[in-house]
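Per-entry structural report
Single-letter residue listing:
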Amino acid sequence: MDHKPTYRDLIYEIVKCIPSGRVASYGQIARMVRRCTARMVGFAMASTPENENIPWQRVINSQGKISPHGAGFGSALQRQLLEEEGVIFNEENIVDFDQFGWKPLD
DNA sequence: CGGCTGACTCTGG
DNA sequence: TCCAGAGCCAGCC
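Here's what I pulled together on the structure shown here. (Residues numbered from 1 in each chain as written. Chains lettered and ligands numbered in written order. Predicted model: local features only at pLDDT ≥ 70, side-chain atom pairs only at ≥ 80, totals over all residues. Heavy atoms only, no water.)

1. With respect to the pattern of salt bridges
Two side chains with opposite charge may pair up if their charged atoms get near one another. In this structure the tally under the stated criterion is four salt bridges. Taking the shortest distance from any N to any O, the salt bridge between K16 and E13 comes out at 3.3 Å. Here K16 pairs with E13, and both are found in helix α1 (residues 7–16), just three residues apart, close to one helical turn. A residue is classified by how much of its surface remains accessible, and K16, at 35% relative accessible area, is partly exposed. With relative accessibility at 45%, the residue E13 sits in the partly exposed group. (Salt bridge = Lys/Arg side-chain N within 4 Å of Asp/Glu carboxyl O. Helix = DSSP H or I, 4+ residues; strand = E, 2+ residues; numbered from the N terminus. Buried < 20%, exposed > 50% of the residue type's maximum accessible area, 1.4 Å probe, protein only.)

Okay, here's the thing in structure tokens:
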């Protein structure tokens, strides 16, 4: 916490604001933080400390799908966690943003 | 101090 | 409609 908060920390704060059962896209987060791009959001998610309670699972790509981050099973876990929260995936493994898309006003 | 990398997004063909 | 390439910026080596 600290004296030198990086953009990653700002992204974490926003991600932690996402309520359960809701999802947001990388671009959505990136646009909330100035000077931040979608890639940085993904990189920040990759560095999410397990100590913190960051719902990184609620962050997906603009297509409403989960991106394969390395091994692959990680995305499977992410999808399971979202389903536990009530998020529904269709046959294409896509989440309907119109239903589960998070909005700052929500 | 310089260069490479990354869980993305957008536009063109 | 699907595939491919370029852009973006902070963090790390």
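Past the structure itself, the notes keep going.
2. A short note on the packing of aromatic side chains
Counted under the stated rule, the structure contains zero aromatic pairs. Taking NZ or CZ as reference, R79 lies 5.7 Å from the ring centre of F89, over its face. (Phe/Tyr/Trp six-rings, centres within 6.5 Å; stacked < 30°, edge-to-face > 60°. Lys NZ or Arg CZ within 6 Å of the ring centre and 35° of its normal.)

3. Considering helix α3 (residues 38–46)
When α3 is considered as a whole, its buried residues turn out to be V41, A44 and M45. Angular distribution of buried residues about the axis of α3 spans 100°; they occupy a single face of the element. Looking at α3, the residues exposed on the side facing more than 90 degrees away from the buried face are R39, F43 and A46. Residues of α3 that are buried sit in contact with α1, α2 (26–32) and β2 (59–60). (Arc of directions from axis to C-beta. Contact = heavy atoms within 4.5 Å.)

4. Some points on the packing of α1 against α3
The interhelical angle for the contact between α1 and α3, taken along N-to-C directions, is 80°, at an axis separation of 9 Å. In terms of their interaxial angle, α1 and α3 are classed as roughly perpendicular. Along its contact with α1, which presents R8, I11, Y12 and V15, the element α3 presents M40, V41, A44 and M45. Here the contact of α1 with α3 is composed, by residue class, of seven nonpolar, no polar and one charged. (Axes fitted to C-alpha atoms, helices over the stretch in contact; angles between N-to-C directions. Parallel < 35°, antiparallel > 145°, perpendicular 65-115°, else oblique. Nonpolar A, V, L, I, M, F, W, Y, C, P; charged D, E, K, R; others polar.)

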